[in-house]
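Overview (structure and organization)
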Amino acid sequence: MNALTASSNGLLRPRRKRTISLTALIDVVFILLMFFMLTSSFIHRKMLEVNIPAAADGTGSAQTPRLLVLTNDGGFRFSASATSALTHPASADEALQQIQQASDSTLPLIVLPQDQVQLQRILTILQQLQQAGIPASLGKTLPAEAP
Amino acid sequence: MNPLLTPRRKAASDDNLIPLINIVFLLLIFFMVAGQMQRPMAADIRLPDIDSQQPAQGDIQLELTADGGLWLNQQATTSAQLSNLLAAYSPASRILLHADQHTTAAVLDPVLTAVRRSGFAQLQLVSEQAGN
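About the cut-offs
Note on numbering: residues in each chain are counted from 1, in written sequence order. Naming scheme: in the order in which they are written, chains are lettered from A and ligands are numbered from 1. Where totals are concerned, whole chains, interfaces and linings use all residues; where local detail is concerned, this predicted model gives features only for residues with pLDDT of at least 70, and gives and counts side-chain atom pairs only at 80 or more. Water and hydrogen atoms were dropped before computing side-chain values, which therefore reflect all heavy atoms in the structure. A run of H or I in DSSP counts as a helix once it spans at least four residues, and a run of E counts as a strand once it spans at least two, with each numbered from the N terminus. Any residue under 20% of the maximum accessible area for its type is buried, any over 50% is exposed, and the rest in between are partly exposed; the area is computed with a 1.4 Å probe on protein chains only. The criterion used for residue contact is that any of the two residues' heavy atoms lie within 4.5 Å. Ring pairs are drawn from Phe, Tyr and Trp, using the six-membered ring of Trp, whenever the two centres fall within 6.5 Å, and their geometry is named by plane angle: stacked under 30 degrees, edge-to-face over 60, tilted for the rest. The span expected for a helix works out to 1.5 Å for each residue beyond the first. By arc we mean the arc of the directions from the helix axis to the C-beta atoms, nothing more. Here the quantity called buried area is the total loss of accessible area, with a 1.4 Å probe, experienced by two parts when brought into contact, counted for both. A carboxyl oxygen of Asp or Glu within 4 Å of a side-chain nitrogen of Lys or Arg is what we treat as a salt bridge.

**Topic: the overall build of chain B**
A tally of helices and strands in chain B yields four helices and six strands. Secondary structure elements in chain B, listed N-terminal to C-terminal, are α-α-β-β-β-β-α-β-α-β. Counting across all 132 residues of chain B, residues that qualify as buried make up 38%. Taking as baseline every contact in chain B between residues at least 6 positions apart, the subset at least 24 positions apart corresponds to 69%.

**Remarks on the packing of aromatic side chains**
The full count for this structure, using the stated rule, is four aromatic pairs over all chains. Measuring from ring centre to ring centre gives 6.0 Å for Phe 42 of chain A and Phe 31 of chain B, while their planes differ by 65°; the resulting arrangement is edge-to-face. A residue pair is termed interchain when its members come from two chains, as with Phe 42 of chain A in the loop between helix 2 (22–39) and strand 1 (43–51) and Phe 31 of chain B in helix 2 (residues 17–34). Geometrically, the ring pair formed by Phe 30 of chain B and Phe 31 of chain B is edge-to-face, given 5.3 Å between the ring centres and 75° between the ring planes. Judged by relative accessible area, which is 44%, Phe 30 of chain B ranks as partly exposed. Phe 31 of chain B sits in the buried class, given a relative accessible area of 14%.

**Section: helix 2 of chain A**
Helical geometry: 3.6 residues make up each α-helical turn, so side chains three or four residues apart lie on a common side. Residue and element names in this part refer to chain A. Helix length check: helix 2 (18 residues) gives 26 Å between terminal C-alpha atoms against 26 Å at 1.5 Å per residue, within 8%. By the burial criterion, the buried members of helix 2 are Leu 22, Ile 26, Val 29, Leu 33 and Phe 36. Down the axis of helix 2, the sector holding all buried residues measures 90°, keeping them to one side. Away from its buried face, by an angle of more than 90 degrees, helix 2 presents the exposed residues Ile 31 and Leu 38.

**A few points about the interface of chain B and chain A**
Listed per partner, the contact involves 60 residues of chain B and 47 residues of chain A. Summed over both partners, the interface of chain B with chain A buries about 5,100 Å², with 61% contributed by carbon and sulfur atoms. If you sort the residues of chain B by the area they bury against chain A, Phe 31, Arg 116 and Leu 125 of chain B come out on top, with a joint share of 13%. Between Arg 94 of chain B and Glu 49 of chain A there is a salt bridge, and its shortest N-O distance comes to 3.8 Å.

**Thoughts on the environment of Ile 99 of chain A**
Residue and element names in this part refer to chain A. Here Ile 99 is to be found in helix 3 (residues 92–101). C-alpha separation for the pair Ile 99 and Phe 78, spaced 21 residues apart in sequence, amounts to 8.1 Å. When neighbours within four sequence positions are excluded, Ile 99 is seen to be in contact with Arg 66, Leu 68, Phe 78, Leu 109, Leu 129 and Ile 134.

Structure (structure tokens):
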């Protein structure tokens with residue numbers, strides 16, 4: 001009884017047990033929130049591995065590689081070997097089909113873009129080849145004239 | 001006024017803050033877990049959009065804009081200097097090429113030639129994918 005009256009006395013107010021003030025805590029948490037909101041990004045970067053062998057122009061290799069040319073007008077030229085005639089696949093799917101069916105899969109495949117072909121298109125083709133399980137490498141850029 | 005009531009009033013004003021702190025904590029944890037930090041780029045580049053599964057990881061950051069501007073680890077350079085600069089790195093390191101999606105093959109070719117000349121046989125081309 002005596003203790004209760006002493007604690008309710010204004011002069012002997014019990015010390016509060018709070019260790020951190022909530023206002024300071026929320027300040028820090030807000031600053032952390034701002035930091036993570038401003039620095040984090042939800043656009044995830046991915047990558048595509050592209051082989052760029054030194055002899056990508058086909059010289060210096062014992063085998064004549066298969067060549068897939070991406071032309072400036074959006075078309076394709078495909079050469080299955082040194083002796084076979086150039087084909088003109090109309091679409092990427094047709095080109096993939098010819099690469100898979102009408103050529104020797106032991107020969108390396110080199111993708112040769114013409115000079116005005118944009119990177120987006122080169123990468124799309126390389127990605128399609130990779131998905132189809134065809135190892136391909138990116139060769140030198142060709143001048144505008146069709147070979 | 002009853003002096004016993006005063007400390008309770010103080011506590012009640014803090015109680016109102018607790019739901020707010022809960023929500024702020026949840027937001028904080030969401031941004032910490034869902035977002036990812038990435039190295040800033042020196043150039044303004046629209047990365048190509050392809051459906052690749054591999055997250056971008058590499059040691060050397062190369063940036064190429066559509067008009068041929070080149071940055072190596074955020075230092076401006078040219079494709080003529082590039083093979084000398086790349087010679088300082090081990091051939092086992094991975095080059096991340098951040099090239100604009102509208103870069104033409106004509107602009108890309110000197111960079112690829114320089115990379116080949118420095119003894120690298122592979123290049124990681126970085127693409128962007130929203131979500132997931």
